[in-house]
Amino acid sequence: NLNLLEDGKERKEEIAVAEFHKKIKEAFEVFDHESNNTVDVREVGTIIRSLGCCPSEGELHDLIAEVEEEEPTGYIRFEKFLPVMTEVLLERRYRPIPEDILLRAFEVLDPAKRGFLSKDELIKYMTEEGEPFSQEEMEEMLSAAIDPESNSVLYKDYITMMVIDEN
């Protein structure tokens, strides 16, 4: 009976792997502009995020190093990307942060419990704390997060908009 259980488990994993392969191939092909099974290394982060993963810049850098050629060409080949990305998806690495944890993080930055952060406060935190945002990342976040009328981030609304639906 144990063999049947093992077979069932292996079968499930095979199906999962086949599903992941299909998703990875579809995501990769969007950026394979020459249709030669390669993508520009600068697109890898976008591909990975489109598959529901949220690696930090450091983690993304390590992933790229794993799939790059010995002599980097600026392109990533599908044959090298597929097994690495399959493993990432099977292990459920780089999952998005749950909504309640994001809310607690914003609340730490808002000790007065106002329910918002001013644009200046947000810029300060994004440039002076932790892994600093690049100018481009900061502009992208501010354009999505800042409420134009109050010039602040109403963080409960922002989190709701930001959280990736897991289904």
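See the structure above.
Bear in mind that the values here come from a model prediction, so they are computed numbers and not experimental data.

J.: Can you walk me through the overall build of the chain in this structure?
T.: Along the chain, the regular secondary structure elements total eight helices and four strands. Overall, the chain shows an N-to-C arrangement of helices and strands of α-β-α-α-β-α-α-β-α-α-β-α. For the chain, the C-alpha radius of gyration of 20 Å lies well beyond 15 Å, the compact-globule estimate for 167 residues. Summarising its shape, the C-alpha atoms of the chain cover approximately 55 × 50 × 25 Å along the three principal directions. Buried positions account for 29% of the 167 residues belonging to the chain. The long-range share in the chain, meaning contacts at least 24 apart out of those at least 6 apart in sequence, stands at 60%. Accessible area of the chain: about 11400 Å², with a carbon and sulfur share of 53%. Placing the 19 positive and 41 negative side-chain charges of the chain at their respective mean positions leaves the two points 5 Å apart.

J.: In this structure, what is going on with helix 8 (residues 155-162)? I would like to understand it.
T.: For an α-helix, 3.6 residues make a turn, and residues three or four places apart therefore share a direction. If you check which residues of helix 8 are buried, you get Tyr155, Tyr158 and Ile159. Along the axis of helix 8, the buried residues cluster in a sector spanning 100°; they form a single face. Turned more than 90 degrees away from the buried face of helix 8, the exposed residues are Asp157, Thr160 and Met161. On its buried face, helix 8 sits against helix 5 (99-109), strand 3 (117-118), helix 7 (135-145) and strand 4 (152-153).

J.: Looking at this structure, how should I read the side chain of Thr38?
T.: Secondary-structure assignment places Thr38 in strand 1 (residues 38-40). In this structure the side chain of Thr38 is engaged in a polar contact, spanning 2.7 Å, whose partner is the side chain of Asn36. Those residues in contact with Thr38 that sit more than four places away from it in its chain are Phe28, Phe31, Asp32, Tyr75, Ile76 and Arg77.

Rules used throughout
Residues numbered from 1 in each chain as written. Predicted model: local features only at pLDDT ≥ 70, side-chain atom pairs only at ≥ 80, totals over all residues. Heavy atoms only, no water. Helix = DSSP H or I, 4+ residues; strand = E, 2+ residues; numbered from the N terminus. Rg over C-alpha atoms; globule rule 2.2 N^0.38 Å. Buried < 20%, exposed > 50% of the residue type's maximum accessible area, 1.4 Å probe, protein only. Contact = heavy atoms within 4.5 Å. Areas by Shrake-Rupley, 256 points an atom, 1.4 Å probe, with all protein chains shown as cover. Lys, Arg positive; Asp, Glu negative; His and termini not counted. Charge placed at Lys NZ, Arg CZ, Asp CG, Glu CD. Arc of directions from axis to C-beta. Polar contact = N/O pair within 3.5 Å; in protein donor to acceptor, adjacent residues only side chain to side chain.

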